[in-house]
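Observations on chain architecture
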Amino acid sequence: MVIGTLRFVLQIPGVASLKGKRHILRKVIDRVRARFNVSVAEVGDNDLWQRATIGVAAVGNEPAFVNEVLDKVLRSVDESGVEAWVVTHQLEITTVGDVYGGIPGVGPERTLAEAEGLVDHEDEDEDALFEGEELPTLEELEAAAEIELSTPRGPPRRRG
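Residues numbered from 1 in each chain as written. Predicted model: local features only at pLDDT ≥ 70, side-chain atom pairs only at ≥ 80, totals over all residues. Heavy atoms only, no water.

**Digging into the sheet that holds strand 2 (residues 39–44)**
One open sheet accounts for four strands, arranged 2-3-1-4; its pairing is antiparallel. The open sheet has two edge strands, strand 2 and strand 4 (85–95), and neither has a second partner. Each strand of the sheet is rotated relative to its neighbour by a mean of 20°, with strand direction disregarded. With 10 bridges connecting them, strand 1 (residues 2–11) and strand 3 (residues 51–60) associate as antiparallel partners. (Pairing = 2+ DSSP bridges. Helix = DSSP H or I, 4+ residues; strand = E, 2+ residues; numbered from the N terminus. Axes fitted to C-alpha atoms, helices over the stretch in contact; angles between N-to-C directions.)

Rendered as C-alpha cells:
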C-alpha cells in the first residue's frame, strides 16, 4: 500500500476576513475532492486571513500512480483561476511495507489463521506441528480421494 501526502500553502490576497477566506477555500477543497477522489483539509494557518495550508492524502498500490494524482491536484489548484495561488508545496510518498516491514504477522506472509489469532506467527514451525506423525504419501491421498468420491451419499432424491 502506498500513501501519498501533499501539503501546500495558498496565498489568498484581497480577503479581509476569515469568512472570505473560508469561501475561497471551500471552492478549492470541494473541487479537489470531487475531481480526484482524495482526502483534503485545511491543516494550518487557520487564523490568518490571506494564507492557508492545505493537506491532501491519496492511497494506491503503485507509487507512480499516487505521485501522478498528487501532481495533478497541485497543478489543478495552481491553474484553477480562483483568487489564490500556490506559494510552496511539499510531497511525500510512503510505502506501508517500509513502515511495518519488521513487525511479525503483518504483511503478505500472514495467513488467515494468524490474522484471527488462532496460530501464533512466531510459534509456526512445521516440524513442531507434525512431530512424531508421519505424513501420507501422494498415492495414499489420491486413493483416499477416489474412495471418497465413489462412496454414495444417502438415498437418491426423488424428482417430482
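The discussion continues.
**Brief notes about the packing of helix 1 (residues 18–36) against helix 2 (residues 63–78)**
Running from amino to carboxyl end, helix 1 crosses helix 2 at an angle of 140°, the nearest separation of the two axes being 11 Å. Comparing the axis directions of helix 1 and helix 2 gives the class oblique. Judged by the twist between their axes, the crossing of helix 1 over helix 2 is right-handed. Across the interface between the two elements, Val28, Val32, Arg35 and Phe36 of helix 1 pack against Lys72, Val73, Ser76 and Val77 of helix 2. Classifying every residue of the contact of helix 1 with helix 2 by side-chain character gives five nonpolar, one polar and two charged. (Parallel < 35°, antiparallel > 145°, perpendicular 65-115°, else oblique. Left-handed = near helix turned anticlockwise from the far one by under 90°. Contact = heavy atoms within 4.5 Å. Nonpolar A, V, L, I, M, F, W, Y, C, P; charged D, E, K, R; others polar.)

**So, the pairing of strand 1**
Most of strand 1 is tucked away: seven of the 10 residues are buried. In terms of strand pairing, strand 1 meets strand 4 through 10 bridges, oriented antiparallel. In the strand pairing of strand 4, Gln11 is matched with Trp85. (Buried < 20%, exposed > 50% of the residue type's maximum accessible area, 1.4 Å probe, protein only.)

**Re the side chain of Ser76**
Looking at where Ser76 falls in the secondary structure, it is placed in helix 2. Excluding residues within four positions of it along the chain, Ser76 makes contact with Arg35 and Phe36.

**Considering helix 1**
In an α-helix, one turn spans 3.6 residues; hence positions three or four apart end up facing the same way. The end-to-end C-alpha distance of helix 1, which contains 19 residues, comes to 26 Å, matching closely the 27 Å that a straight helix rising 1.5 Å per residue would cover. Inspection of helix 1 places Lys21, Ile24, Leu25, Val28, Ile29, Val32 and Phe36 among the buried residues, and these make up the whole buried set. Along the axis of helix 1, the buried positions cluster into a sector of 130°, meaning they face one direction only. Summarising the geometry of helix 1, the exposed residues directed more than 90 degrees from the buried face are Lys19 and Ala34. Looking at the buried side of helix 1, the elements it contacts are strand 1, strand 2, strand 3 and helix 2. (Expected span 1.5 Å × (residues − 1). Arc of directions from axis to C-beta.)

Bear in mind that shape data such as this cannot, by itself, settle questions of function.
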